[in-house]
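Structural description and commentary
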Amino acid sequence: MTRLFLLGVDRPRVIALVLFTLTVLLGSGLGRLRLDTSFDSLIPAHDPSRQIYQQVTREFGSDNKTIIYVAEPELWTAARLRQLDMLQRDLGQLQFVERIDSLFSLRTVQDDAGRIGERSISDRIPRTDAEARILREQILSNPLYVGNFLSRTGEATAIIVSVVNPDQAVAEDEFNQTVFSNIETLLARYENQFQRVFQVGSPRIDAEIRGSLSRDFVRLGPLAALALLSAVFLFLRSALAAALPLATSFITLIWTFGLLGWLNVPLNVLSAMIPALVIVIGSTEDTHIMAAFAKAAAGDARAPARAIIGKAARQLGVPVALTVLTTTLGFATNLASDIGLIRDFAVAATIAMLSNGVVTVLLAPMLLARFGQATTTRSASAGLARFPAWLVQRFAVLQDRHPAATILLTVALCGVLALQAARLHITNDPFSYFPADGKLLTDTQIVHEDLAGVRVFFVNLQARPDAFREPANIARLAQIQAFIANQHAFDLSLSLADQLAFINRVFRGDKPDAALLPDSRELISQYLLFFHRSELEPYVSHDFSQANIVVRHNISDSRQLSAYIQALENAVSRIAGPDMRTALVGESLMLNRAADSLMAGQLQALALILGLIFVIMSVMFTDLRGGALALIPASIPIIVMFGVMGLLDIALNPATAMLGVIAIGIAVDGTVHLLSRYNDLCRRTSDDQAAVRQAVTEQATPLVVSGLALSLGFGVLMLSEFAIIAQFGALAAAIMLVSIFANLLITPIIMVRWRLVGLHQIVGMQVDPRVFEHSPLLLGMSGYQRRKAILISELHEFDAGDVLIQQGEFKRSMYMLLEGEVEVIQTENGEESHLARLGPGEIFGEVGYLHAARRTAMVRALEHVAVLRFDHDKMQSDLRHFPRIAAKLHDNISMVLKDRTGSNIPHQAASA
Amino acid sequence: MAMALVAPAHAVAESAGTRPQAVQTDPWADADGPSLMRAVRERGRQYPYAYEELAMILIDKEGRHRTRRVRRFTRARADGSGELLVLFDLPETVGGVALLAHRDRDGRSRTSLYLPALGPDLVEAGTSATRASVLGTDFSVEDLVGERLDGYRFMRRADETISDTGYYVVDAHALDPGPDEDPPLYRHYILKDSLIVIRTDTLDAAGRLLKRHTRHDFQHVGGQIWLPNLLMMRDAVTRHRSLLRVERRVFSRDYVPDEVFSATWLRRNYPPVETTE
């Protein structure tokens, strides 16, 4: 990693050229980017009900309809009815309109005087207000109109428009937009004619999503950048620290969106978050790099930039790689999602996070080498910059004095919130994208209250041909509808049974209590003569083998809808009997079922990311406790998030459901940096408490700054026009704040009790492997045993002249030389005797290690040396579960001692 | 005296002389709408007794079709009164369903429906039924029996030539137009050379096409009378089509006895159905 970091320093022109070329090449894909706002992307690709749904909609027409709502107190005047008639006819003339269902198109078997007369209002629009009033009364007495096309007050009506895109006359992703525009342009001409007129349906949702998406893209990115700049500048007081994330984010966004264009992966609602995500998440690595650079520069201000960057890179390389990996994994866990919307977002976000990692590693050192030293001298000064240190001091009081109480309180709080999480509800309803007080949902609510909900599904029954000419089967339809009515969940249901009941009532004298179903096959067939085929199309198939009950509702809560649907499915199956096949189908139901898939997918993703982090961290620290330790600060924010969602009744939706895995991926970054630094320090000291304190102090600034910057950046998403993105932003902002608390307060309490050693620290020592292979201390050990023994030791470095062992001191440590040379000197009567000169692989101090005795000689570094120190007590403690390694070590030490008994000088070194 | 003229419809339709005889001059160039429509009606005046066996074919937008067998009895009297009976034979479950229309000498109509499965009583249909669809088809009663000339205001439009054939064009307006508009309800296209209405468009208030009624396969049934053996109504909105194909046509009093236009005859021949369920 260090080499990679230094590429931008050593070959700035080459790297600049590579970055520029890649940016141009990938950026050329930007023109190919496309938007996907279809509901299809919300439905699992392999939903088995999709095929049944397609069959049913082919037979009965689509459930994807646009409702034109018209409200007018004076609707029932001749003039207004003529305008309404004109409106519905104009709608019928629009391109792509397949069918219009309205007050005017619905035929009835009742004429003006209440006698038999198959007609529609279109056949005779009232010419006087008196005629209009009579018509109003007739229509209000017709159950096929009320709630469906006319409100109970008679002041609001619905024109239902079905649209088709035959042979893909326009591109599928432009179809809804075209339909929406056509209808909107037409409605504008009628705005002055009626009190209120608007459209609700897929085309409008599609258009609103596109509009909001465009505005979010333009607004959220810059706002996130502004928030980030403010946070970074306020805390780090560095122009470069503020500019660096912007530069990396800008390039990353071009790479990401360009690549998406080339890969033909569409942008969707969730993609509105990408610019803000890249800016805020990308900034965390930049912040850590800046902090490490500042620290390295502070240690030796006169050192050349390359040396400072090299030093920072040695400290940061692996943690940065790890955090890029964990963040990317957080997003990538959704790549396998069955829901297109989430999968496409996961592709975009994964590319973005990886790109950001690459760009940061290549660009940041290059810019630091060029401008770094001039801009990093004013950090850690007054004001807000002291906030992280102040926070650490406050937390230190709790950590030192009340560690158990702090942990218990946290556990209790998490427990309470976990209970609240049980109240979580799920929704996959596209309407949930929009704010509850927004125009779309307000309009939808108006339609629901005045007429019936705009969400539609079908109860489909299939039997033999002509089955639905049988009274018993018509009665079954009515029974199912009665069950639906008794559920008090759905707004309206309509079927062939309603049509037949109404005509029966009319033929039997139009008495409402005579609205019984016809009781013979012949009568049903004879009544059916009075229906035009187009009127029956939504309710019964051409050969009367299938019947359809059309249900309209306004339920968006997936769990609630699932419960009602489950009960209805059972009832339908029971009522229909064994001879019929039944299915409840509809886009709204598939979307609802997708919510279950969404939840299952997210739980899997959550388990996957937690498992991956556990494995990665366990491997990194060659200790399962390392994995467990990393999960604790990552899990606390997630529990808090789900608890808050349950408490505030925020639904799990396609955006908030992903938050868990994304947040873990991000929150664990701070933990990785903290643990890495702690372990680095552990290698140099036996005082774990001091190591923790120092690690927390050093990491406080980047952790707090990046946490606050992330929080601010995510907070910007609250300004999104999409409710689900705003919720995501608010929750993510809160999670980032909680993760600061978890990392700086809780993690250190646990860290101090679990001393971990990172594999990367050993790997990163750049020691000749032969040193380990040929060292007498490690002879005969397997690779694993050797590594374990080394990991329990401490790494120490000394400069020329430093004393490693002082003659006469009483300590039980043994050393293995990794780099450089030391000399063994014995002082007697003020006269120094040079006893030995030791090199890499050799050990010294083993007598003191085995037996408590004073050191008989001094060991001094002849040049810069690196040594592994083995403390007796620590080795006894850490190797108690590894008796073979302990035995082998003792054997080897004995062998070394035995060898040295033949030579006075080594013996002195051994007892030094 | 019974006048019998039995014509196998298809045989005539397929003969060489299916085209109505041409009128050599254009005496109607300056005629107004009502005059032209009166001439059309005079030219198309039918025999007083007509019996037809029809296939009623209903075709939906997907091209799926259903066929019903129907008989039509018409009786036209010299004083302008008359009767019409449309009687369903097949499918069996609708056998006996009838639409019975009486028109008195003043032009007033009374329409009744008989549904054997409903009971012995005929149900009176409203007056608006004349323009309403007939029993699930796209045809109205007027389409089947012809509109009343005194029920509309006829206004002549500019002649049109379509596919090298000249047409007189006459709009039919409501007698009582609305306060601020007077859109035509129908637009008739009349063959110039035979005064036969070959096409009738039903229009909406904005003059846009709702339905198109076309007549085909004309049969010369005597004198200047040519009758279509195939009527087609296409609904421009639903894209459904209804076809009436004349399978057999007989102009004979024996085939159209007065008693067929009575409830008694219907009940006797198609007694009310007992509930089978």
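Provided above is the structure to which this section pertains.
Reference entry: report on the structure contained in this document. Keep in mind the model is a prediction, meaning the values are calculated, not measured.

Conventions used here
- Residues numbered from 1 in each chain as written.
- Chains lettered and ligands numbered in written order.
- Predicted model: local features only at pLDDT ≥ 70, side-chain atom pairs only at ≥ 80, totals over all residues.
- Pairing = 2+ DSSP bridges.
- Helix = DSSP H or I, 4+ residues; strand = E, 2+ residues; numbered from the N terminus.
- Axes fitted to C-alpha atoms, helices over the stretch in contact; angles between N-to-C directions.
- Expected span 1.5 Å × (residues − 1).
- Buried ≥ 20, exposed ≤ 12 C-beta atoms within 10 Å, placed from the backbone.
- Core = buried A, V, L, I, M, F, W, Y, C linked by C-beta atoms within 7 Å.
- Contact = placed C-beta atoms within 7 Å.
- Parallel < 35°, antiparallel > 145°, perpendicular 65-115°, else oblique.
- Left-handed = near helix turned anticlockwise from the far one by under 90°.
- Nonpolar A, V, L, I, M, F, W, Y, C, P; charged D, E, K, R; others polar.

**A few points about the sheet that holds strand β15 (residues 831–838) of chain A**
All names here are of chain A. If you walk across this open sheet you meet the four strands as β12-β17-β14-β15, and the pairing is antiparallel. The outermost strands of the open sheet, each flanked by one partner alone, are β12 (803–805) and β15. The sheet shows a mean angle of 30° between the axes of neighbouring strands, direction not considered.

**Describing the sheet that holds strand β16 (residues 843–844) of chain A**
Residues and elements named next belong to chain A. Judged by pairing direction, the sheet is antiparallel, and its four strands sit side by side in the order β11-β18-β13-β16 without closing on themselves. Of all strands in the sheet, those bounded by a partner on one side alone are β11 (794–798) and β16. Summarising the sheet, strand β13 (residues 813–819) and strand β18 (residues 865–871) pair through six bridges and their orientation is antiparallel. Bridging from a neighbouring strand, L817 pairs with V867 of β18.

**Details of helix α8 (residues 239–263) of chain A**
All names here are of chain A. Along its 25 residues, α8 runs 36 Å from first to last C-alpha, staying within 8% of the 36 Å computed at 1.5 Å per residue. α8 sits mainly inside the fold: 18 of its 25 residues count as buried. Looking one or two residues beyond α8, the residue adopting positive phi is N264, at roughly 60°.

**Section: the nonpolar core**
Residues and elements named next belong to chain A. Core analysis: the biggest nonpolar cluster contains 246 residues, and A224, L228, V280, F293, L496, A663 and I664 have the highest contact counts within it. Among the elements that line this core, the one with the most residues is helix α11 (residues 340–375), at 18 residues. Discounting chain neighbours no more than four positions away, the residues touching V280 are A224, L228, A709, L710, G713 and F714.

**Re the packing of helix α20 (residues 587–620) of chain A against helix α21 (residues 624–648) of chain A**
The description of two helices packed together rests on the angle between their axes and the distance between the axes. Residues and elements named next belong to chain A. Where α20 meets α21, the closest approach of the two axes is 6 Å, and the angle between their N-to-C directions is 135°. If you check the angle between α20 and α21, you find them oblique. Here α20 runs over α21; the crossing is right-handed. Every residue of α21 that contacts α20 at L610, I613, F614, V615, M617, S618 and M620 is listed here: L624, G626, G627, A630, L631 and A634. Grouping the amino acids of the contact of α20 with α21 by side-chain chemistry returns 10 nonpolar, three polar and no charged.

Everything listed here is a matter of geometry and, on its own, says nothing about what the molecule does.
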